[in-house]
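Tertiary structure, described
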Amino acid sequence: MAKAKSEFRCSECRCTVPKWVGRCPDCGAWGSMAEAAPVLAAVASRPGASLAQAGAGAVLPTTPATPLTQVDSTTTKLKPTGIGELDRVLGGGVVPGSVVLLAGEPGVGKSTLLLEAVHRWARRGPDDRALYVTAEESAGQVRLRADRTGAVHERVYLAAESDLATVLGHVEQVRPTLLVVDSVQTMLAADVDGVVGGVTQVKAVTSALTTLAKSSGVPVLLVGHVTKDGAVAGPRSLEHLVDVVLHFEGDKHSTLRMVRGVKNRFGAADEVGCFELQEDGIAEVSDPSGLFLHHRLDLVPGTAVTVAMDGKRPLLGEVQALVAYTSVPAPRRAVSGLDGARVAMVLAVLDRRCRVTLSKSDVYAATVGGMRLTEPSADLAVAVAVASAVRERPIFGGTVVLGEVGLAGEVRRVAGVGRRLAEAARLGFTRAIVPSGSACSHPDMKITEVGTLSAALTSMGI
């Protein structure tokens, strides 16, 4: 006979621990731990022993297990929202009964994007209704934004509520096919203890909305806050309760916004969607590579173009460098949009392996258009731009450079060279400098493979 042992469960968050404690380790509630029913510690050791023989008290399930081949796959058919870049990150659209969490900093444009999403959703057909629940703004404020962005539609319903029970009542009355809650941290579950935005409240509200989505088949889009570090605010289990987690990112000095997939149970989790925040709303940017390039007629020393992979999306970016002589014993190194540690390493390799003297010069390195290049594939572009600025020799026009630079001066291979070069060729680039062994070709490009940084500089006439 197997031995059973007791466990203790929190009445607030249902967290289970093997021994009694005064305070729940998950939600922090005091005096909420109560003894639960005994659980089976081990099954009988003899082979073939059933759970009933082991004393577990098996219960006959009401719904039997179904063979995988008999499960209907049409119940998870994707429905496009009408915003191509958002559908790209979602994997093609929203799935009925799914819960999507969109997190981002205040003022980045989350509400504007979702208001446009419900507007386009309502335009799909007479049977599609969208319910937009705002707990942070009044109905008048949302209407003003809708007038400004042109997102007014008769099948878009608006409710300025923060009580969860009232929101569920609105869902019963409206019967929407899409529900948006802005935001989950400001909703209140009256039958649950805790302050608004606390761990207990956020988990209870999210669990209730997830149950609503699964039982009714209505997709739910939740707006979430972020912490100072950029992570989703609230308990870590919040990301486990939802099906899709998206991060809405953007620099306050730039109009470019990016929706980045972090978790997706219905598609790839590393897709990126690009938008541009405008005065009359938010617009899709289906071809963002042109935003990160400075189009000029003449060749200028100190510039190099590379192709970065943001998720699965290739983006062209331009690296600019300026080298100026200084009499200060400690020259300045200023970096914008690049990894400062990697730039310092590339400068050391240039000085030591390629005889590009930088010990008496200030070096400024930056990207164009607010793009941030942090992957190692941009090392070669940084090195070429700095060397071009030192020797005042521009590189050949229409050239892209790819490669990671090692401390020994070698140029290492990077992933996805074929996709990077295809994107560069689409934008009119005709030459490419890639690491040796990349084994790629393109009919519209002249590809040169290099093994060392010195060879790369020589091939570009620097």
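Residues numbered from 1 in each chain as written. Predicted model: local features only at pLDDT ≥ 70, side-chain atom pairs only at ≥ 80, totals over all residues. Heavy atoms only, no water.

Under the 1.5 Å per step criterion, the end-to-end length of helix 5 (residues 199-216) is 26 Å for 18 residues, consistent within 8% with the ideal 26 Å. Within helix 5, burial applies to Thr 200, Gln 201, Val 202, Lys 203, Val 205, Thr 206, Leu 209, Thr 210, Leu 212 and Ala 213. Against strand 6 (99-104), helix 4 (164-174), strand 9 (178-182), strand 10 (220-224) and helix 6 (237-241) lie the buried residues of helix 5. Note on helix 5: the residue one or two positions beyond its end, Gly 217, has a positive phi of about 80°. (Helix = DSSP H or I, 4+ residues; strand = E, 2+ residues; numbered from the N terminus. Expected span 1.5 Å × (residues − 1). Buried < 20%, exposed > 50% of the residue type's maximum accessible area, 1.4 Å probe, protein only. Contact = heavy atoms within 4.5 Å.)

Right, let's talk about the sheet that holds strand 13 (residues 272-278) for a bit. Strand order in the open sheet formed by nine strands is 8-7-9-10-6-11-12-13-14, and the pairing between neighbours is mixed. Lying at the two open borders of the sheet, with one neighbouring strand each, are strand 8 (156-159) and strand 14 (281-284). Each strand axis lies, on average, 25° off the axis of its neighbour in the sheet, ignoring direction. (Pairing = 2+ DSSP bridges. Axes fitted to C-alpha atoms, helices over the stretch in contact; angles between N-to-C directions.)

Within the open sheet, the three strands sit side by side as 3-2-4. Their pairing is antiparallel. The outermost strands of the open sheet, each flanked by one partner alone, are strand 3 (16-17) and strand 4 (33-35). Relative to strand 4, strand 2 (residues 8-10) runs antiparallel, the two being bridged by three bridges. Residue Phe 8 lies in a different strand from strand 4, and its bridge partner there is Glu 35.

For the rest of this paragraph, the subject is the nonpolar core. Among the nonpolar cores identified, the biggest contains 46 residues, and Leu 350, Leu 380, Val 384, Val 386, Leu 453, Leu 457 and Met 460 are the most heavily contacted of them. Taken together, the elements giving at least two residues each to this core come down to strand 12 (256-264), strand 13, strand 15 (303-310), strand 16 (313-325), helix 7 (340-353), strand 18 (361-367), helix 8 (379-391) and helix 10 (453-459). Among the elements that line this core, the one with the most residues is helix 8, at nine residues. Discounting chain neighbours no more than four positions away, the residues touching Val 386 are Ala 321, Val 323, Leu 347, Leu 350, Leu 358 and Val 363. Within the second largest apolar cluster, 31 residues are counted, among which are Ile 83, Trp 121, Tyr 132 and Leu 246. (Core = buried A, V, L, I, M, F, W, Y, C linked by side-chain atoms within 4.5 Å.)

Turning next to the packing of helix 7 against helix 8. Close contact between helix 7 and helix 8 brings their axes to 10 Å; oriented N to C, the two are set at 55°. One finds that helix 7 runs oblique with respect to helix 8. The two elements helix 7 and helix 8 meet at a crossing, and its hand is right-handed. Side by side, helix 7 and helix 8 meet where Arg 342, Val 343, Met 345, Val 346, Leu 347 and Leu 350 of the first sit next to Asp 379, Val 382, Ala 383, Val 386 and Ala 387 of the second. (Parallel < 35°, antiparallel > 145°, perpendicular 65-115°, else oblique. Left-handed = near helix turned anticlockwise from the far one by under 90°.)

A few words on the environment of Val 199. Topologically, Val 199 is positioned in helix 5. With 35 residues separating them in the primary sequence, Val 199 and Gly 234 have C-alpha atoms 6.0 Å apart. Excluding its chain neighbours within four sequence positions, the residues that come into contact with Val 199 are Cys 27 and Pro 235.

Further remarks concern unusual backbone geometry. For the peptide bond that leads from Asp 182 to Ser 183, omega is 5°, which places it in the cis range. Although it is not a glycine, Arg 355 sits at a positive phi angle of roughly 60°. Residue Arg 355 is classed as exposed on the basis of its relative accessible area, which comes to 75%.

For strand 17 (residues 333-336) and strand 18, the ladder comprises four bridges, and the chain directions are parallel. Bridging from a neighbouring strand, Ala 334 pairs with Tyr 364 of strand 18. This β-α-β element, strand 17 to helix 7 to strand 18, shows left-handed connectivity. (Right-handed = clockwise from strand over helix to strand, strands pointing away.)

With that out of the way, let us pick up the pattern of salt bridges. Evaluation of the coordinates by the stated rule reveals 22 salt bridges. Of the charged contacts in the structure, one is a salt bridge between Glu 249 and Arg 260, with a shortest N-O distance of 3.1 Å. Note that Glu 249 is positioned in strand 11 (residues 244-250) and Arg 260 in strand 12, a separation of eleven residues in sequence. With relative accessibility at 33%, the residue Glu 249 sits in the partly exposed group. Glu 375 is the salt-bridge partner of Arg 420, the closest N and O atoms lying 3.4 Å from each other. On the criterion of sequence distance, the pair formed by Arg 420 in helix 9 (residues 417-426) and Glu 375 in the loop between strand 18 and helix 8 is long-range, its members being 45 residues apart. Overlapping salt bridges bring together Arg 342, Asp 379, Glu 404, Glu 410 and Arg 412 as one network. (Salt bridge = Lys/Arg side-chain N within 4 Å of Asp/Glu carboxyl O.)

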